[in-house]
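Secondary and tertiary structure notes
Chain by chain, the residues:
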Amino acid sequence: MTPDPYVFAPSYGPPHHTGPSLVFAFVGDKLVIGPDNRLPTAAPLGMSRECSETLVFGSLNGLVCELRVWPAATALPSGLGTAHYRQLWGQWEQGQLDALCRAQQLATWIHQNRFCGVCGQPLRTRPDEPARECGACGFRAYPRISPVCIGLVLKGDEVLLARSPHFPAGVYSALAGYLEAGETAEECLRREIREEAGIEIDNIRWFGSQAWPYPHSLMMGFFADYAAGEIRPQAGEIEDLQWFGKDRLPTLPHPSTIAFRMLDLFYGGLVGSHRT
Ligand SMILES: [Zn+2]
């Protein structure tokens with residue numbers, strides 16, 4: 001396997017450098033991008049630096065990464081468009097995508113936290129930590145992270161995969177759902193599997209996690225064993241639900257997803273096959 005030529009190191013602070021930087025420009029929560037799907041350099045952006053939020057959020061191979069966020073209504077200079085994280089899979093290296101994942105979530109946080117939720121006054125970005133602070137009442141809004149439990153349920157050599165109506169045609173994936181207030185991750189997973197598939201699970205074990213900028217999720221992956229019940233898809237949420245063996249797997253999510261990586265580990269290597 002070829003090593004990733006790009007290594008992203010996160011950091012946080014106000015712009016402090018005088019040398020070249022890599023600018024991740026956003027209009028609202030949308031990444032500004034050139035026609036070749038590359039980041040435009042600062043000059044063609046043609047937007048006044050004064051009207052934007054600007055901060056440093058890390059470095060890519062030692063080059064400072066700078067986030068600039070303009071209001072959502074800002075007109076783009078001709079020749080530039082917008083793109084989202086998923087559109088750049090396969091075109092950007094993983095280290096570049098890691099940088100974008102952080103930039104996207106910080107841009108969304110700035111875009112969605114313009115005013116104080118307590119007293120309504122404008123919020124300002126703190127220079128020393130990722131917090132938007134109200135000068136009137138002191139309230140601080142931190143970047144929102146929304147945990148999602150995703151579970152690959154196993155029954156012998158078979159895995160439980162489901163189709164949401166929102167998935168691309170033919171794609172099946174592991175079941176997933178957002179944590180609710182007061183829940184543990186294990187309780188969330190049991191509830192989601194019960195609601196969406198009608199079955200009980202046991203022996204939950206950790207796989208790993210993945211930051212997922214849609215718009216600010218943290219995917220937490222678990223394996224679990226089937227325990228009891230007959231599968232039945234939850235009406236309105238799940239279009240189809242089946243047990244699959246390795247020899248008849250459906251179309252799977254992109255190899256960059258945690259669902260694919262869990263399947264890849266369970267079956268001992270799927271890379272190169274079943275890609276969407
Ligand atoms: Zn306030």
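Here's the deal with helix 2 (residues 94–112)
The terminal C-alpha atoms of helix 2, which comprises 19 residues, lie 27 Å apart, in line with the 27 Å expected from a rise of 1.5 Å per residue. Counting buried positions over the 19 residues of helix 2 gives 14, a clear majority of the element.

Focus: the domain arrangement of the protein chain
Split by domain assignment, the protein chain resolves into domain 1 (8–112) and domain 2 (146–266). The gap between the C-alpha centroids of domain 1 and domain 2 is 32 Å. Counting residues at the interface gives seven residues for domain 1, matched by six residues for domain 2. For the side of domain 1 that touches domain 2, the residue count by class is three nonpolar, three polar and one charged.

Describing the sheet that holds strand 8 (residues 132–134)
With antiparallel pairing, the three strands of this open sheet are ordered in space as 7-8-9. With one partner strand each, in any of the chains shown, strand 7 (123–125) and strand 9 (140–141) form the two edges of the open sheet. The pairing of strand 8 with strand 9 spans two bridges and is antiparallel. Paired with Glu133 across the two strands is Arg140, which belongs to strand 9.

Quick word on the sheet that holds strand 2 (residues 21–27)
Spatially, the six strands line up as an open sheet ordered 1-4-5-2-3-6, and their pairing is mixed. Only two strands of the sheet have a single neighbouring strand rather than two, namely strand 1 (8–13) and strand 6 (81–83). The mean inter-strand angle of the sheet, taken between neighbouring strand axes irrespective of direction, is 35 degrees. Bridging between strand 2 and strand 5 (residues 63–70) involves seven bridges; their strand directions are parallel. Within the sheet, the bridge partner assigned to Ser21 lies in strand 5 and is Val64. Each of strand 1, strand 2, strand 3 (30–33), strand 4 (53–60) and strand 5 is contacted by helix 2, which is oriented at about 160 degrees to strand 4, the strand it contacts most.

Observations regarding the nonpolar core
Counting residues in each nonpolar core, the largest one holds 29 residues, and the members touching the most others are Cys149, Ile150, Val153, Ala174, Leu175, Ala259 and Leu263. Elements that contribute at least two residues to this core include exactly strand 10 (146–155), strand 11 (158–163), strand 12 (175–178), helix 3 (185–197), strand 14 (217–228) and helix 4 (258–266). Among residues more than four places away in sequence, those in contact with Ala259 are Ile150, Ser173, Ala174 and Pro253. Phe8, Leu39, Leu106 and Trp109 belong to the second-largest nonpolar core, a separate cluster that totals 24 residues.

Quick notes on the rules
- Numbering of residues starts from 1 in every chain and runs along the sequence as written.
- Selection of residues for local features in this predicted model requires a pLDDT of at least 70, selection of side-chain atom pairs for listing and counting requires 80 or more, and totals for whole chains, interfaces and linings are taken over all residues.
- Counting from the N terminus, the helices are DSSP H or I runs at least four residues long and the strands are E runs at least two residues long.
- A helix is expected to reach a length of 1.5 Å times the quantity of its residues less one.
- A residue is called partly exposed when the number of other C-beta atoms within 10 Å of its own lies between 12 and 20, exposed at 12 or fewer, and buried at 20 or more, with C-beta atoms placed from the backbone.
- Where each domain starts and ends comes from a domain assignment, either automatic or drawn from a database.
- C-beta atoms are placed from the backbone for every residue, and two residues are taken to be in contact when these atoms lie within 7 Å.
- Residue polarity follows a fixed list, in which Ala, Val, Leu, Ile, Met, Phe, Trp, Tyr, Cys and Pro are nonpolar, Asp, Glu, Lys and Arg are charged, and the others, Gly among them, are polar.
- Strands pair, by our definition, only if DSSP identifies at least two bridges between them.
- To define axes, lines are fitted to C-alpha atoms, for helices over the stretch in contact only, and angles between the resulting N-to-C directions are given on a 0 to 180 degree scale.
- In plain words, the nonpolar core is the set of buried Ala, Val, Leu, Ile, Met, Phe, Trp, Tyr and Cys residues that C-beta atoms within 7 Å link up.

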